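Listed below, chain by chain, are the residues.
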Amino acid sequence: MSTENRKQVRDFLVSRRGKVTPQQAGLQYYGGNRRVPGLRREEVATLAGLSVDYHARIEKGNISGVSETILHAISDALQLDEAERTYLFDLARTANAGHRTTRREPARRVRPAVQRIIDSMATTPTLVRNGRLDVLAANALGRALFAPLFDSPVTAPGQAPNHARFGFLDPRAHDFHPDWNLSANTNVAILRTEAGRDPYNKDLTDLIGELSTRSEEFRTRWADQNVRLHRTGTKSFCHPVVGMVTVDFEAMELSADAGLTITAYSPEPASPSADALALLGSWVTTGRHAGETG
């Protein structure tokens, strides 16, 4: 069990304990000053049915050998959601595997069959990304919708466009994402989730180091220990050509390509966003660049 893994476990469990109030946990609370914003360590131990000493050992990061039953009990006591439970179990899996953990080679490209599939979705903006938010492929309408990402000067030659790098290092991201804070929080939560799932991914570690060095906004959010499963939802973009576009999205993992996700974006039918995407699609079919205005 590595020092880094112990630190991840400790920081995560302490942060989750601080988010649950006695009232939320169903504990009697008589007022007065509390030294911690959330639950005390002994309160979590009681809720989980553990001795205070054993829970203290776990919270200090010593999670190796802890049974799934106990992990579930702690998760219940801390009222963890699905993403948080998954992250905790990933941290435990890494601790138990130690140096035996298989270091996966991260995907750097998509198979031709996948590219043909997304190209056939001509009226649906579609991207393929990996766990560290590199965009490895897109169809024509996807590239047009995300033109600021694909054209960003923060992407070095030979680099894949990256949602997090664009979001934190390119000032234009604040214009492209009307709710930039939500986008920034989501990107960081996805990266932390991936760091728990694939802790020995050097590309991911390097990206986190780069963003931590160059962006205080990233450092602050990274310290919050938040995680997220990004499967479905609604996003809004302020496109430089067609204006505001609001779309629902569905993210689908590629079972044959571990770590790759197809994300497709769809507007409400007969909505202003549908009209905006149709206009953008016409620009694509006539060969005009998505950023042109004249």
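Coordinates for the structure precede this section.
To keep things clear, this report deals only with the structure shown in the data block. (Residues numbered from 1 in each chain as written. Predicted model: local features only at pLDDT ≥ 70, side-chain atom pairs only at ≥ 80, totals over all residues. Heavy atoms only, no water.)

**As for the overall build of the chain**
A tally of regular secondary structure across the chain gives 14 helices and 5 strands. On the principal axes, the C-alpha backbone points of the chain span a range of 70 × 45 × 35 Å. The burial tally for the chain puts 49% of its 294 residues in the buried class. A total accessible area of about 14,900 Å² is found for the chain, and carbon and sulfur atoms account for 51% of it. The averaged location of the 34 negative side-chain charges in the chain is 6 Å from the averaged location of its 36 positive side-chain charges. (Helix = DSSP H or I, 4+ residues; strand = E, 2+ residues; numbered from the N terminus. Buried < 20%, exposed > 50% of the residue type's maximum accessible area, 1.4 Å probe, protein only. Areas by Shrake-Rupley, 256 points an atom, 1.4 Å probe, with all protein chains shown as cover. Lys, Arg positive; Asp, Glu negative; His and termini not counted. Charge placed at Lys NZ, Arg CZ, Asp CG, Glu CD.)

**What about the pattern of salt bridges?**
Summed over the entire model, instances satisfying the criterion amount to 17 salt bridges. Two residues, Lys-7 and Asp-11, come together in a salt bridge whose shortest N-O distance is 2.7 Å. Of this pair, Lys-7 and Asp-11 are both found in helix α1 (residues 3-17), 4 residues apart, which corresponds to roughly one turn of the helix. On the basis of relative accessible area, Lys-7 is assigned to the partly exposed category, the value being 39%. One salt bridge connects Arg-132 with Asp-134, and the closest N-O pair in it is separated by 2.6 Å. Salt bridges linked by common partners bring Lys-7, Arg-10 and Asp-11 together as one network. (Salt bridge = Lys/Arg side-chain N within 4 Å of Asp/Glu carboxyl O.)

**Section: the packing of aromatic side chains**
By the definition in use, this model includes 11 aromatic pairs. Considering the side-chain rings of Phe-168 and Phe-218, the 5.4 Å spacing of their centres and the 90° angle between planes classify their relative orientation as edge-to-face. Here Phe-168 is found in helix α9 (residues 163-169), whereas its partner Phe-218 is found in helix α13 (residues 216-222), with 50 residues between them in sequence. One exposure class covers both Phe-168 and Phe-218, and it is buried. (Phe/Tyr/Trp six-rings, centres within 6.5 Å; stacked < 30°, edge-to-face > 60°.)

**Considerations on helix α2 (residues 41-48)**
All buried positions along α2 are accounted for by Glu-43, Val-44, Ala-45 and Ala-48. Packing partners of the buried residues in α2 comprise α1, α3 (52-59) and α4 (68-77). Of the residues trailing α2, Gly-49 is marked for its positive phi of about 75°. (Contact = heavy atoms within 4.5 Å.)

**Remarks on the pairing of strand β3 (residues 232-239)**
Pairing geometry for β3 and strand β4 (residues 243-253), over 8 bridges, is antiparallel. The residue bridging Cys-238 from the neighbouring strand is Met-244, located in β4. Connecting β3 to the next strand, β4, in antiparallel fashion are 3 residues. (Pairing = 2+ DSSP bridges.)

**Focus: the side chain of Asp-134**
Counting through the fold element by element, Asp-134 comes out in the loop between β1 (126-129) and β2 (135-138). Polar contacts involving the side chain of Asp-134 include one to the side chain of Asn-162, which spans 2.9 Å. Once residues lying within four places of it in the same chain are set aside, the contact partners of Asp-134 are Val-128, Arg-129, Ala-160, Pro-161 and Asn-162. (Polar contact = N/O pair within 3.5 Å; in protein donor to acceptor, adjacent residues only side chain to side chain.)

**Looking at the environment of Arg-35**
Along the polypeptide, Arg-35 turns up in the loop between α1 and α2. Residues Arg-35 and Glu-217 lie 182 residues apart in sequence; the distance between their C-alpha atoms is 28 Å.

**Topic: the environment of Ile-208**
Residue position: Ile-208 is located in helix α12 (residues 202-214). Not counting residues up to four positions away in its chain, the partners in contact with Ile-208 are Ala-195, Phe-218 and Trp-222.

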